[in-house]
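# Remarks on the overall topology
So you can see what is in the structure, the chains are spelled out below.
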Amino acid sequence: MISFDIGQSEQRIVFAEGVLSHFDRHRQTRFWHREAGGLLFARLALPTIDVCAITGPRRSDRRGRCSYWPDERAEQREIETMFGRDLHFVGCWHTHPEDRASPSHVDTRNISDCVRRSEHALNGFLMVIVGRDPLPDNLFVSVCDRITVHRLERSGSA
Ligand SMILES: [Zn+2]
């Protein structure tokens, strides 16, 4: 379990072991590995946002070494299925072929589109990028509003 504090909001994002091992399995540690990605779902026990379910990649996604285009219809179905299990769609994840991940210009633009299209209980939308290094230093974890990507610090790491 790894947790991140959301600024001064007292809200905290916690990643369950199953989600972390999913990130770990899809790290692009070989040059032929393609980007992978999917969606993140949480149980809301505010102030804790327990990210406990993860989807993707899917056969129908378009994946390159430095690009990732999810199957949006599949994503919509996942959101509906998870909602039926009381799991809220809170954001998305994808991998990068760099040791410590940071968002590209495309990522920053795409995420503001996602924020516009989605409605949920979080103050923003979670974007996780998974780099090649071992967890957790490879992770870029952020909360995004329509304009800005706010990187989060790991709890207790300050
Ligand atoms: Zn990216």
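Scroll up for the structure.
Residues numbered from 1 in each chain as written. Predicted model: local features only at pLDDT ≥ 70, side-chain atom pairs only at ≥ 80, totals over all residues. Heavy atoms only, no water.

### Regarding the coordination of the zinc ion
Rules: Distances up to 2.8 Å from the metal define which N, O and S atoms are donors, and 3.2 Å serves for Na, K and Ca; water is absent from the atom set, so sites may look incomplete. A site with four donors is called tetrahedral when every donor-metal-donor angle falls between 85 and 135 degrees; four donors are called square planar, and six octahedral, when opposite donors sit more than 155 degrees apart and all other angles fall between 65 and 115; any other arrangement is irregular. To qualify as a helix, a DSSP run of H or I must reach at least 4 residues; to qualify as a strand, a run of E must reach at least 2; elements of each kind are numbered from the N terminus. Each residue is placed in one exposure class: buried if its accessible area under a 1.4 Å probe, protein chains only, is under 20% of its type's maximum, exposed if it is over 50%, and partly exposed if it falls in between.
Protein ligation of the zinc ion involves His94 (NE2), His96 (NE2), Asp107 (OD) and Asp107 (OD), the donor distances falling in the range 2.0 to 2.5 Å. For the zinc ion, the four donor atoms in the first shell make angles of 55 to 149° at the metal, so the coordination geometry reads as irregular. Between consecutive donors of the zinc ion, the numbers of intervening residues give the motif H-x1-H-x10-D. Note that His94 is positioned in strand E7 (residues 88–95) and Asp107 in helix H3 (residues 105–117), a separation of 13 residues in sequence. Each member of the pair His94 and Asp107 is classed as buried.

### Observations concerning the side chain of Glu75
Which entries qualify depends on this criterion: Here a residue-residue contact requires only that any non-hydrogen atoms of the pair lie within 4.5 Å.
Checked against the element boundaries, Glu75 lands in helix H2 (residues 72–84). Judged by relative accessible area, which is 11%, Glu75 ranks as buried. Residue contacts for Glu75: discarding those within four places in its chain leaves Leu39, Arg58 and Pro70.

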